[in-house]
Structure formats: structure tokens, C-alpha cells
Amino acid sequence: FLNDYVWSRGRRRLITSATIPFRGNVSEWGDRIGLPGDVKFIARPTPFPVDHRGIYLNTMVGEMSGDDEDENWNAAMRQIREISSHHDGEKGVVHSVSYSRAERVGDWLSSDNVIVDEKEKDTSAMIDRWQNSDKDIFVSPTITEGVDLHTDKGRWQVLLKAPFAYYGDSRVSYLLNEENEWQWYYEETAIDIIQAVGRAVRGPEADEAAAFYVIDEKFESVMKRTNPPEYFVDAV
């Protein structure tokens, strides 16, 4: 598809992104997407000041997958409540990865200061409802991309769980079990995390500062298995 409709349209191609995968071996990525010829990787620093986009790991409570999730759940919820109290009166997002987990967060924190994204409803409408309410926290599995929470629309975010692709999906299962594509699995997760951070940090201006807190210790495994951009590592 790419060869017929994209690569064949010119002799040279320039692809720009904040989240190019396989940064340690970008030619491998070129091979994966059928990009012909030599591939050169050029990295540029971000113009966003590092102290405006902190990523905090001292909030991690343990792994949030399988049985570990239930074991660490109460500690995770207490941590989110503490983070919220630190940002009292400021809008914040909890990235839940699944709707069922989002509902569980809402039940634990109570509805006094929380709006939970619902699968049956339009997410944009839910965001508008949250923004126009006096509730600080929005819990959602679907807004790691394509959402602009500039300035006071988003001052803090929580990564409750590393957003690994759903193992029960037939494509994911095939890639992991038949093709041993574990590197792809971690690269995709890293991209989602980096994109999530960017939902609330939209520019270099002082009024764009926002904090990102990590609950799931699997974050460290993702960082070790991939080669995240220097600007991202600097913010941790």
C-alpha cells in the first residue's frame, strides 16, 4: 500500500514525527514499512523547557498487570488521590488503558471530583463536559493521542498502567507468538506513553507547563527495552 500510494510518488521522502520507533536502528523501521533506499535519521531537541514537562517516577507503586494490579490497586488509588490534592483546583487526566479500569477508578475515588469516560458516549463531548464542570479529574483509556489540553485545560496527568497492546487481540497474539515481535510490542507502548505526555504540554510558553506522574512500574521496562527521545529521558 505504501509503495503504491506514497513511496512511489517521489525519489526522496521526508518523514517527520515526535515518536519515530526503532530509533536505535531506524533502517529496521524503514524495512518494516517498505521504505526503499537509504534511511537517514535526524533528531532535533525540543523547544519546550524541561522544567515545564516533568515526568515523575516517585509515584510508582508496583506493576499494574494481572494479579499485581489487584495487589497494588489501593496503593495506586491513594497515590492518585494524593496527586489530585497536590493539584487541587487544576484539571488532570488519569490514563486508564481500558474502560473497565476507568470505571473502577471512578468507583474508588467517588464521583465528587471525577468524570469517567464512557464507552457508549462521544469522548469529545465527555471532555467538554469535564472542562465545563467543577470536577478536576477525567479518567479515560482513549486520549493518549489527538487531544489538546493546553494551558488550564490540563495541568497534570497520571499513567495508571503502561498501555501495552491487548494480548487477546488476534493480530497482537500472532505477532508475539508466531513472529516473536516483542520489540514491536514495547516500541508501540513507548510511543503511546510519549504521546500521552504531550496531551497537556502544548508549547514552550510558561503557561503550558504540566506534570506527568507514573503509577505502573512497567514504565521502567518499556524505557529499558526501547530508545526514547533524549528530550523525553531528560524530563524523567
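Refer to the preceding data block for the structure.
Residues numbered from 1 in each chain as written. Predicted model: local features only at pLDDT ≥ 70, side-chain atom pairs only at ≥ 80, totals over all residues. Heavy atoms only, no water.

A. Main features of empty space enclosed by the protein. One pass over the structure, following the stated rule, counts one cavity of 30 Å³ or more. By volume, the largest cavity is sized at about 70 Å³. Taken together, 14 residues make up the lining of the largest cavity; nearest its centre are Ile20, Pro21, Arg23, Glu187 and Ile194. Among the residues making up the lining of the largest cavity, the classes are represented as nine nonpolar, three polar and two charged. (1 Å grid on protein atoms, 1.4 Å probe; cavity = no way out; pocket = protein on both sides within 12 Å on 5 of 7 lines; lining within 4 Å. Points joined across faces, edges and corners; volume = space filled by probe spheres on them. Nonpolar A, V, L, I, M, F, W, Y, C, P; charged D, E, K, R; others polar.)

B. Region of the structure containing the pattern of salt bridges. This structure, assessed with the given rule, holds eight salt bridges. A salt bridge links Arg32 to Glu181; the nearest nitrogen and oxygen atoms lie 2.8 Å apart. Of this pair, Arg32 sits in helix H2 (residues 26-32) while Glu181 sits in the loop between helix H6 (170-177) and helix H7 (182-197), and the two are 149 residues apart along the sequence. A residue is classified by how much of its surface remains accessible, and Arg32, at 35% relative accessible area, is partly exposed. Looking at Glu181, the relative accessible area reads 18%, which means it is buried. Notably, a salt bridge pairs Asp148 with Arg202, separated by 3.0 Å at the nearest N-O pair. You can see Asp148 sitting in the loop between strand E4 (137-140) and strand E5 (156-159) and its partner Arg202 sitting in the loop between H7 and strand E6 (211-214), a full 54 residues away along the chain. Residue Asp148 is classed as partly exposed on the basis of its relative accessible area of 38%. Under the relative-accessibility criterion, Arg202 is labelled partly exposed at 34%. Three or more residues joined by partner-sharing salt bridges are found here, namely Glu69, Asp70, Arg101 and Arg104. (Salt bridge = Lys/Arg side-chain N within 4 Å of Asp/Glu carboxyl O. Helix = DSSP H or I, 4+ residues; strand = E, 2+ residues; numbered from the N terminus. Buried < 20%, exposed > 50% of the residue type's maximum accessible area, 1.4 Å probe, protein only.)

C. A look at helix H4 (residues 99-109). What H4 keeps buried is the set Arg101, Ala102, Val105, Gly106 and Leu109. Down the axis, H4 shows its buried residues gathered within 145 degrees of arc, on one side only. The exposed residues of H4 that point more than 90 degrees off its buried face are Ser100 and Asp107. Just beyond H4, the residue with positive phi is Ser110, at close to 75 degrees. (Arc of directions from axis to C-beta.)

D. Quick peek at the sheet that holds E6. Read across the open sheet, the six strands follow the order E1-E6-E5-E2-E4-E3; overall the sheet is parallel. With partners counted over all chains shown, the strands left at the sheet margins are strand E1 (55-56) and strand E3 (114-116), one partner each. Summarising the sheet, strand E2 (residues 92-95) and E5 pair through four bridges and their orientation is parallel. Within E5, the position partnered with Val94 by the bridge is Val158. (Pairing = 2+ DSSP bridges.)

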